[in-house]
Amino acid sequence: DAGVIQSPRHEVTEMGQEVTLRCKPISGHDYLFWYRQTMMRGLELLIYFNNNVPIDDSGMPEDRFSAKMPNASFSTLKIQPSEPRDSAVYFCASSFGIAGNTGELFFGEGSRLTVL
Amino acid sequence: AQKVTQAQTEISVVEKEDVTLDCVYETRDTTYYLFWYKQPPSGELVFLIRRNSFDEQNEISGRYSWNFQKSTSSFNFTITASQVVDSAVYFCALSDYAGGTSYGKLTFGQGTILTVHP
């Protein structure tokens, strides 16, 4: 079975440009998460969805960040305009949230963003 | 607010040594979940274990073992007879208990970089 698929794997852009990161969760999973990893802040949750509905976006740093999940098999994280401090690895993860599950999050390989 | 502390930033051992990674957590919840994830050099995050707060039984899986002590809010991870392939960053994490499941809203520790030398 395919795991969580993220694209692009690497993105280098200039300050002020729009960046769109994409994620395809594992089929059948009803929770989708966007995490960001930086040296300074470690791994932090940005937003998560349940059945395509955003549940908690309190981790989204500011209005420049937005996330959507138009259907069960696709989500985007958009940064507009991008800034150098947005440079990080962005992980998408999905899980199957029924009672008794293992609680395992399945992570994608991450999208490494560098904003110059 | 939840908090996870991994006091060891980096650990370096020689192959076949045993190594313990410490994890201390803070939460006001009476029920919660604890996790360990591994991040190898390739970058992905790999699930290792989940433990419910109401189950303090220690667990062993091959060379891996976990010691959960609610009284000290600790969930330590031991690798026995370490191998070079164990070199990775290891994260401890904490999540809410949501009606019997844990849906992945995790608070991660800062991670411990483990290097196993041949």
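Note that the structure is predicted; figures quoted are calculated from it, not measured.

Basis of the calculations
Throughout this document, residue positions are counted from 1 along each chain, in the order its sequence is written. Think of it this way: whatever chain is written first is A, whatever ligand is written first is 1, and the rest follow in order. With pLDDT at 70 or above as the cut-off, local features in this predicted model cover only qualifying residues; side-chain atom pairs require 80 or more to be listed or tallied, and sums for whole chains, interfaces and linings still use all residues. The side-chain numbers reported here are obtained from all heavy atoms of the structure, hydrogens and water having been left aside. Under the scheme used here, helices are H or I runs from DSSP no shorter than 4 residues and strands are E runs no shorter than 2 residues, and both carry numbers assigned from the N terminus. Here, residues are in contact when the closest pair of their heavy atoms is within 4.5 Å. One bridge is not enough; two strands pair if DSSP finds at least two bridges between them. Fitted lines through C-alpha atoms serve as axes, helices being fitted only where they are in contact, and the angles separating the N-to-C directions of these axes extend from 0 to 180 degrees. Note on definitions: salt bridges are taken to be side-chain nitrogens of Lys or Arg within 4 Å of carboxyl oxygens of Asp or Glu. Under the scheme applied here, a residue whose accessible area is under 20% of the maximum for its type counts as buried, over 50% as exposed, and between as partly exposed, the area being computed with a 1.4 Å probe on protein chains only. Confidence scores labelled pLDDT are given residue by residue by the predictor and lie between 0 and 100. Disulfide: a pair of cysteine sulfur atoms within 2.5 Å of each other.

**Thoughts on the side chain of H29 of chain A**
Phase 1: Following the sequence through the fold, H29 of chain A ends up in the loop between β3 (19–24) and β4 (31–38).
Phase 2: When residues no more than four places from it in sequence are discounted, the contact partners of H29 of chain A are S94, S95, F96 and F106 of chain A.

**Points about the sheet that holds strand β8 (residues 74–79) of chain A**
Residues and elements named next belong to chain A.
Phase 1: Read from one edge to the other, the open sheet built from four strands follows the order β1-β3-β8-β7, with strand pairing classed as antiparallel. In the strand order of this sheet, the two ends are held by β1 (5–7) and β7 (65–71), each with one partner. The mean angle between the axes of side-by-side strands here comes to 15°, regardless of whether they run parallel or antiparallel.
Phase 2: Two strands pair when backbone bridges link them, and β1 and β3 are joined in this way by three bridges, in the antiparallel orientation.

**A closer look at the pattern of salt bridges**
For side chains of opposite charge, pairing can occur when their charged atoms come near one another.
Residue and element names in this part refer to chain A.
Phase 1: By the definition in use, this model includes 12 salt bridges over all chains.
Phase 2: For E62, the salt bridge is made with R64, and the minimal N-O distance between the two is 2.8 Å.
Phase 3: Residue classification places E62 among the partly exposed residues on the basis of a relative accessible area of 28%.
Phase 4: Among the residues examined, R64 registers a relative accessible area of 10% and is labelled buried.
Phase 5: One salt bridge connects R64 with E83, and the closest N-O pair in it is separated by 3.5 Å.

**Overview of the confidence of the model for chain B**
Segments scoring low in pLDDT should not have their predicted coordinates read at a detailed level.
Phase 1: Averaged over chain B, the pLDDT score is 90; the fraction of residues at 70 or greater is 93%.
Phase 2: Across chain B, element-level confidence peaks in strand β3 (residues 19–21) of chain B with a mean pLDDT of 98 and bottoms out in strand β7 (residues 59–61) of chain B with 85.

**Remarks on the state of the cysteines**
Phase 1: Taken as a whole and judged by the stated rule, the model has two disulfides over all chains.
Phase 2: Here C23 of chain A is linked by a disulfide to C92 of chain A, with a sulfur-sulfur distance of 1.9 Å. An S-S torsion of about -70° defines the bridge between C23 of chain A and C92 of chain A as left-handed. With C23 of chain A in strand β3 and C92 of chain A in strand β9 (residues 88–95), this residue pair connects regions lying 69 residues apart in the sequence.
Phase 3: Here C23 of chain B connects covalently by a disulfide to C92 of chain B, the sulfurs 2.0 Å from one another. In this structure the cystine formed by C23 of chain B and C92 of chain B twists about its S-S bond by roughly -65°; its chirality is therefore left-handed. With C23 of chain B in the loop between β3 and β4 (24–26) and C92 of chain B in strand β10 (residues 88–96), the pair connects residues that are 69 residues apart, well separated along the chain.
Phase 4: Looking at C92 of chain B, the relative accessible area reads 0%, which means it is buried.

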